[in-house]
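Summary of the model geometry
Given next are the chains, with one letter for each unit.
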Amino acid sequence: MCDFTQREYSCGHLRWLASKHCSEFKVKRKRCPPNITDFEERPNDICGECKPKKHPEGMIAFVNKMESKRRVCQL
Ligand SMILES: [Zn+2]
Ligand SMILES: [Zn+2]
């Protein structure tokens, strides 16, 4: 079993980070049941999924255009 750190973000999501891989994983490169050895809290942080994605200005305009088009088609 590999050692994992469970990280808890303020958004409520959990992430598992491998802290130590066992010899079996190193040889077979196969996933094995994670052994959570550490717990970490990130009360001031949110996970990558919940972080606002930075889009260039042009992209936002493009998405808005597509959205309005779709709304028209639904009518
Ligand atoms: Zn392992
Ligand atoms: Zn999240």
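Here's a quick rundown of the structure. Residue numbers restart at each chain and count upward from 1, following the sequence in its written direction. As a convention, the first chain written is A and the first ligand written is 1, with the rest following in written order. With the structure being a predicted model, the display of local features is reserved for residues of pLDDT at least 70 and the display and counting of side-chain atom pairs for 80 or more, all residues being used for whole-chain, interface and lining totals.

Quick word on the sheet that holds strand S3 (residues 34-42)
Two strands make a pair as long as DSSP finds a minimum of two bridges between them. Runs of H or I in DSSP of at least four residues are treated as helices and runs of E of at least two as strands, each being numbered from the N terminus. Across the sheet, which stays open at both edges, the three strands sit in the order S2-S1-S3 with mixed pairing between neighbours. Across the chains shown, the open sheet's two edge strands, defined by having one partner strand only, are strand S2 (14-20) and S3. Across the sheet, the mean angle from the axis of one strand to that of its neighbour is 30°, orientation sign disregarded. Pairing of strand S1 (residues 2-9) with S3 involves eight bridges; the strand directions are parallel. Looking at S3, one finds that threonine 5 is bridged to aspartate 38. Note on geometry: axes are C-alpha line fits, over the in-contact stretch for helices, and angles between N-to-C directions span 0 to 180 degrees.

Structural notes on the environment of histidine 21
Along the chain, histidine 21 falls in the loop between S2 and helix H1 (23-28). Judged by C-beta crowding, with 14 C-beta atoms within 10 Å, histidine 21 ranks as partly exposed. In sequence terms histidine 21 and cysteine 2 are 19 residues apart; their C-alpha atoms lie 4.5 Å from each other. Two residues qualify as being in contact provided that their C-beta atoms, derived from the backbone, are within 7 Å of each other. When sequence neighbours within four positions are dropped, the list of residues in contact with histidine 21 reads Cys2 and Lys26. As a rule, residues whose C-beta atom has 12 or fewer other C-beta atoms within 10 Å are exposed, those with 20 or more are buried, and those in between are partly exposed; C-beta atoms are placed from the backbone.

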